[in-house]
Amino acid sequence: MPDFVNGLALSEAFYREAAKPILDSHFPALRYSAALMFWGSEVLGYDDEESTDHHWGPRFILLMSEEDLEKYEKRVSDALSANLPYKFRGYSTNFVHSGEGDVHLPKEIDSGAVNHMVHIESMRSIFGWYLGFNLEAEPTLADWLTFSEHKLLTVTSGKVFHDGLGKLEEVRRKLAYYPENVWLYLLACQWKYISDEEAFVGRSGFVGDELGSAVVAARLVKNLMRLCFLLERRYAPYSKWFGTAFSRLSCAAELTPILRDVLCAADWKEREAHLSKAYEAVARMHNALGITRPVEDKVSKHGRPYMIIHARRFGMAVLERLASEEMRRLEFSEEIRRLGFFGGSVNQLVESDDEISQLELCRRLRVLYEPHPGRLENQS
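Worth saying up front: this structure is predicted, and the values here are computed from it rather than measured. (Residues numbered from 1 in each chain as written. Predicted model: local features only at pLDDT ≥ 70, side-chain atom pairs only at ≥ 80, totals over all residues. Heavy atoms only, no water.)

**Some details on the overall build of the chain**
Looking only at helices and strands, one finds 19 helices and 10 strands in the chain. In terms of its C-alpha atoms, the chain occupies a principal-axis envelope of roughly 75 × 45 × 35 Å. Sorting the 380 residues of the chain into buried and exposed places 52% on the buried side. Taking the intrachain contacts of the chain between residues at least 6 apart in sequence as the baseline, contacts between residues at least 24 apart amount to 71%. About 17,700 Å² of surface is accessible on the chain, with carbon and sulfur atoms providing 51% of the total. Side chains of the chain give 46 positive and 56 negative charges; the mean places of these two sets differ by 4 Å. (Helix = DSSP H or I, 4+ residues; strand = E, 2+ residues; numbered from the N terminus. Buried < 20%, exposed > 50% of the residue type's maximum accessible area, 1.4 Å probe, protein only. Contact = heavy atoms within 4.5 Å. Areas by Shrake-Rupley, 256 points an atom, 1.4 Å probe, with all protein chains shown as cover. Lys, Arg positive; Asp, Glu negative; His and termini not counted. Charge placed at Lys NZ, Arg CZ, Asp CG, Glu CD.)

**Concerning the nonpolar core**
In this structure, Phe127, Leu175, Phe246 and Leu255 are the most contacted members of the largest nonpolar core, which totals 93 residues. Apart from residues lying up to four places away in sequence, Leu175 is in contact with Phe127, Leu131, Phe133, Pro139, Trp144, Phe147, Leu152, Val155, Thr156 and Tyr235. In this structure, Phe14, Ala19, Leu23 and Leu69 belong to the second largest nonpolar core, which totals 31 residues. (Core = buried A, V, L, I, M, F, W, Y, C linked by side-chain atoms within 4.5 Å.)

**Quick notes on the packing of aromatic side chains**
Scanning the model with the defined rule gives 27 aromatic pairs in all. Ring plane angle 75 degrees and centroid distance 5.3 Å describe the contact between Tyr15 and Phe60, whose orientation is recorded as edge-to-face. One end of the pair, Tyr15, is in helix H1 (residues 7–26); the other, Phe60, is in strand E2 (residues 60–64), and 45 residues separate them in sequence. Both residues of the pair, Tyr15 and Phe60, belong to the buried class. Seen in terms of ring centroids, Trp39 and Tyr130 are 6.0 Å apart; in terms of plane orientation they differ by 55 degrees. Their pairing is tilted. Highlighted residues: Trp39 in the loop between strand E1 (33–36) and helix H2 (41–44) and Tyr130 in helix H4 (residues 123–131), separated in sequence by 91 residues. Tyr130 shares its class with Trp39; the two are buried. Aromatic rings pair up to connect Phe38, Trp39, Phe127, Trp129, Tyr130, Phe133, Trp144, Phe147, Tyr177, Tyr178 and Tyr235 into one cluster. Here the guanidinium or amino end of Arg233 rests over the ring plane of Trp183, the centre of that ring lying 3.5 Å away. (Phe/Tyr/Trp six-rings, centres within 6.5 Å; stacked < 30°, edge-to-face > 60°. Lys NZ or Arg CZ within 6 Å of the ring centre and 35° of its normal.)

**Examining the confidence of the model for the chain**
For the chain, the mean per-residue pLDDT works out to 92, and 97% of the residues sit at or above 70. Note that residues 373–380 has pLDDT below 50 and, in this model, 19 contacts with residues that lie over four places away or in other chains. (pLDDT = per-residue confidence, 0-100.)

**Some details on the packing of helix H8 (residues 180–197) against helix H14 (residues 312–322)**
Close contact between H8 and H14 brings their axes to 7 Å; oriented N to C, the two are set at 160 degrees. The angle between H8 and H14 places the two elements in the roughly antiparallel class. Between H8 and H14 lies a crossing whose hand is left-handed. Taken together, the residues of H14 that come into contact with H8 (itself represented by Glu180, Asn181, Leu184, Tyr185, Ala188, Trp191, Lys192 and Ser195) are Arg312, Phe314, Gly315, Val318, Leu319, Arg321 and Leu322. Residues of the contact of H8 with H14, tallied by class, amount to 8 nonpolar, 3 polar and 4 charged. (Axes fitted to C-alpha atoms, helices over the stretch in contact; angles between N-to-C directions. Parallel < 35°, antiparallel > 145°, perpendicular 65-115°, else oblique. Left-handed = near helix turned anticlockwise from the far one by under 90°. Nonpolar A, V, L, I, M, F, W, Y, C, P; charged D, E, K, R; others polar.)

**Quick look at the pattern of salt bridges**
Per the stated rule, a full pass over the model turns up 24 salt bridges. Across the pair Arg172 and Glu169 runs a salt bridge whose closest N-O atoms are separated by 3.5 Å. Taken together, the positions of Arg172 and Glu169, both in helix H7 (residues 168–174) and 3 residues apart, correspond to about one turn of that helix. In this structure Glu169 comes out as partly exposed when scored by relative accessible area, which is 30%. Glu210 is the partner of Arg271 in a salt bridge, and the nearest nitrogen-oxygen pair spans 2.9 Å. Residue Arg271 is located in helix H13 (residues 268–289), and its partner Glu210 is located in helix H10 (residues 210–231); the two are separated by 61 residues in the primary sequence. Taking the relative accessible area as the measure of exposure, Arg271 reaches 3% and is therefore buried. (Salt bridge = Lys/Arg side-chain N within 4 Å of Asp/Glu carboxyl O.)

**Examining the environment of Val216**
In this fold, Val216 is placed in helix H10. Separated by 14 residues in the primary sequence, Val216 and Gly202 have C-alpha atoms spaced 9.7 Å apart.

**Some words on the packing of H10 against helix H11 (residues 239–246)**
Two elements in contact, H10 and H11, have axes whose closest approach is 11 Å; the angle formed by their N-to-C orientations is 60 degrees. Once H10 is placed against H11, the crossing between them reads as left-handed. Between H10, through Lys222, Met225, Arg226, Cys228 and Phe229, and H11, the contact on the second element is made entirely by Phe242, Gly243, Ala245 and Phe246.

**Here we look at the state of the cysteines**
Scanning all chains against the criterion turns up 0 disulfides. Between Cys264, a cysteine without a disulfide, and Cys228, which holds the nearest cysteine sulfur, the sulfur-to-sulfur distance is 18 Å. (Disulfide = S-S within 2.5 Å.)

Structure representation (structure tokens):
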């Protein structure tokens, strides 16, 4: 086994040194874009030696126009199969199907055609089936709220090696992060999710339900972490990489030990004490952004003897900002004011990583964000 090399660097070198000369020689007039994005731990920079056992290695995405795809897809694939080296930087360029989904495994060969892992498709097609994004239109509010956040991260991560189509980098910039008023709406809803349960850690513990208290605390930790991604304007990945990505946020150095203490606490009072530190740290982050009027950033009792940050106040302050004259001039303003605290995005509503990755489910959930008879308006 060769020494491990970051998969993104490996794939870029594979494109430039092994694949591009073949494409230049056999198809000198072909316009295409090449990148490593969309899927794979190496796209996010989280790959390690264990990642190399499946669907990892010298590979990239090759995108063409629909017209050229019909004409050149098989010819390009065959040329790569016939001319690629069997190994690149010590890693096999030949792969076999694992029998599960679209996962491929490296398999070394020393003769015959290479079954490469260069994915060839049109831009319109891949953005359509992967993200549900129509390249010919601007994203609507319903689009932004039903895009999988993990997929938004993967289409804006990785690297473009060549953009001969002149469109791929433009699309990535367009999807780089939520529009400002969509971002503020998600922030307001995330504060409300914390508000919904912040008193329950103490209440369930007070009646002797330490397990229930710990479960609520764990959910609050996750919601606080998700809030931090929003406060730092970073897309959050799905659960496998959620903690890894959180560790790279600016706030992680302060918050990680506090959140670990919450999860390791022996009883509800200790749990509540650590959560209080986390609440106040995140409240300071919110106020430091200057996006709302200053909100009290100290915990206090909830009437009953449980310490909370009164998170709803932060959400309400964000909704006030969304109702301001400045924000009313922005796109989506009317729709967002109509939604109020309703739900947030599908990523905030749906817990299952597998389900939220299903494009069909996201499309079905669009109805939640579109006006229809019987909808309870402005549920703030």
